[in-house]
Amino acid sequence: MAKLWAGRFKKEVNEKVNDFNSSISFDARMIHHDILGSIAHATMLGEQGIIDKKEAEMIVEGLNGILSDVENDNLAIDPTAEDIHMFVEAELTKRLGDTGKRLHTARSRNDQVALDIRLYLKDETDTLIQLTQNLIQVLCNVASEHTETVMSGYTHLQRAQPITFAHHLMAYAQMLLRDMDRLQDAKKRMDVMPLGSGALASTTYPLNRMRVAELLGFANVTKNSLDGVSDRDFCIELCSAISILMMHLSRFCEEIILWCSWEFKFIELDDAYATGSSIMPQKKNPDIAELVRGKTGRVIGDLVTLLTMMKGLPLAYNKDMQEDKEAIFDAVDTAKLCISTFIPMIETMTVLKDNMRNAAAKGFINATDCADYLVKKGLPFRDAYKATGQLVALCIDKSLVLETLPLQEYQTVCELFDNDIYEAIRLDTCVNGRNVIGGPAKEMVEQQILEVKNKLK
Ligand code: ARG
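Residues numbered from 1 in each chain as written. Predicted model: local features only at pLDDT ≥ 70, side-chain atom pairs only at ≥ 80, totals over all residues. Heavy atoms only, no water.

**Considerations on a nonpolar patch on the surface**
A cluster of nonpolar side chains, namely Leu200, Leu226 and Leu315, defines an oily patch on the protein surface of about 270 Å² accessible area. With respect to the helices, strands and loops of the structure, leucine 226 is situated in helix α9 (residues 225-230). (Patch = residues over 30% accessible without salt bridge, like charges linked within 9 Å, V, L, I, M, F, W, Y side chains within 5 Å. Areas by Shrake-Rupley, 256 points an atom, 1.4 Å probe, with all protein chains shown as cover. Salt bridge = Lys/Arg side-chain N within 4 Å of Asp/Glu carboxyl O. Helix = DSSP H or I, 4+ residues; strand = E, 2+ residues; numbered from the N terminus.)

**A word on the environment of alanine 335**
Within the secondary structure, alanine 335 is located in helix α12 (residues 324-348). Overall, the relative accessible area of 0% leaves alanine 335 in the buried class. Those residues in contact with alanine 335 that lie beyond four places of it in its chain are Leu128, Ile242 and Met246. (Buried < 20%, exposed > 50% of the residue type's maximum accessible area, 1.4 Å probe, protein only. Contact = heavy atoms within 4.5 Å.)

**As for the pairing of strand β2 (residues 158-164)**
When strand β1 (residues 150-155) meets β2, the two strands line up antiparallel, connected through 6 bridges. Bridging from a neighbouring strand, threonine 155 pairs with glutamine 158 of β2. Remark: 2 residues form the turn of the hairpin made by β1 and β2, two consecutive strands paired antiparallel; histidine 156 in that turn has positive phi of roughly 55 degrees. (Pairing = 2+ DSSP bridges.)

**Focus on the packing of aromatic side chains**
For any two aromatic rings, the description comes down to two numbers: the centre-to-centre distance and the angle of the planes. As enumerated under the stated definition, the model contains 10 aromatic pairs in all. For the pair phenylalanine 252 and phenylalanine 342, a centre-to-centre distance of 5.1 Å together with 65 degrees between the ring planes defines the contact as edge-to-face. Note that phenylalanine 252 is positioned in helix α10 (residues 233-260) and phenylalanine 342 in helix α12, a separation of 90 residues in sequence. Judged by its relative accessible area of 1%, phenylalanine 252 falls in the buried class. By relative accessible area, which is 0% here, phenylalanine 342 ends up buried. A ring pair is formed by tyrosine 410 and tyrosine 422, whose centres lie 5.8 Å apart and whose planes are at 90 degrees; its orientation type is edge-to-face. Of this pair, tyrosine 410 sits in helix α16 (residues 407-413) while tyrosine 422 is found in helix α17 (residues 421-424), placing the two residues 12 residues apart along the sequence. (Phe/Tyr/Trp six-rings, centres within 6.5 Å; stacked < 30°, edge-to-face > 60°.)

**Section: the pattern of salt bridges**
A side chain with one charge can pair with a side chain of the opposite charge if their charged atoms come near. Scanning all chains against the criterion turns up 32 salt bridges. Of the charged contacts in the structure, one is a salt bridge between aspartate 330 and arginine 298, with a shortest N-O distance of 2.5 Å. On the criterion of sequence distance, the pair formed by aspartate 330 in helix α12 and arginine 298 in helix α11 (residues 287-310) is long-range, its members being 32 residues apart. Taking the relative accessible area as the measure of exposure, aspartate 330 reaches 17% and is therefore buried. In this structure arginine 298 comes out as partly exposed when scored by relative accessible area, which is 41%. Lysine 398 is paired through a salt bridge with glutamate 409; the nearest N and O atoms lie 3.6 Å apart. Of the two residues, lysine 398 sits in helix α15 (residues 381-398) while glutamate 409 sits in helix α16, which places them 11 residues apart along the sequence. A relative accessible area of 42% places lysine 398 in the partly exposed class. A residue is classified by how much of its surface remains accessible, and glutamate 409, at 22% relative accessible area, is partly exposed.

In structure tokens:
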């Protein structure tokens, strides 16, 4: 495709350089937003009398025509165009002749691309927020069914204290709520309209920047033309919010992978959300969870790409910044794909309650409660801790657990023990006794679920 900037040059650009320079293979996806931006720009140019009102109307009509042709597959995007901005402008000029050439008045591709990415990412951020919200909703639904499903909580991946499966799931709901918040926050700073920054030093035309912002639904305009064209913080912030979100999913996936193992067997994935082995007939693998965990590395890589790309750039626009798109688009695409595959996997998994409870019964996870029992009978906590430690050692010696250790044995270690110890160390008692705000007791988790659901509204 002929270059719109050809005037200064005596030679055609080298073919390899042309390919090297081109971004159309990855910025073509912004065509919708590019055209919307141009429609707003042309409308404002007409309103301000910078171009003739009639011509502005023809440009808007022409742009709408290109948009519907692209959407109806009647116009193919030319892969030899330098970028999507050049493609749209050239196509407009093909259709309108000289009038089309007026569109780029008082605009540079530098502020144009800064606008397009913002418009595009604002929509994508909304999609990510919605997907995250759907996932939280699903977690609340599954959690509601498991407020009495006792399992062990872990520290160091060692059985620690009794909780419920609902409580465990809701921990992820809390992380995801923060992720939603971070996405919303990133969107706030994305929500400023850069057109009017020009190439770097704004323009001499009497633009109405606020009008363009209003037409495109932006909350405000950028306040410094150099910053307006060279800021990619919003890509980095979004990528960082996505990286944290993916890190959360990755931790969740790690647990799902463990829970699916025969060693745990806390859950069973639906056949539709697991895969087999080509050689081992018995295998059912949690590939989705593994892939989400794997893809998290890739998203973190995108964040590093963006930060590294920006860290040495002088003001204002530099071509390095064209590299922003593949990184941030990859992060967004990957997160959308991961969340939307993860949701039905969670919705369809079977929770093996008995296995959770059996595992919880074997790990002395009520030892803290046993010590607390003595504290309630007047013993200082350190002494109670020591006595319980001796009891655990005794149990291990005799292949017993605290629930099956006879009362006489208890009393050899401390005479404060009575028959009510057995009730005090029942796992359900232990869980439901933890009824402070944020605790695993049924009533508290129910309250937590309610609060999370209310926040989603
Ligand atoms: N394709 C370019 C990008 O993605 C558009 C801006 C180009 N501006 C320029 N002066 N070469 O960043």
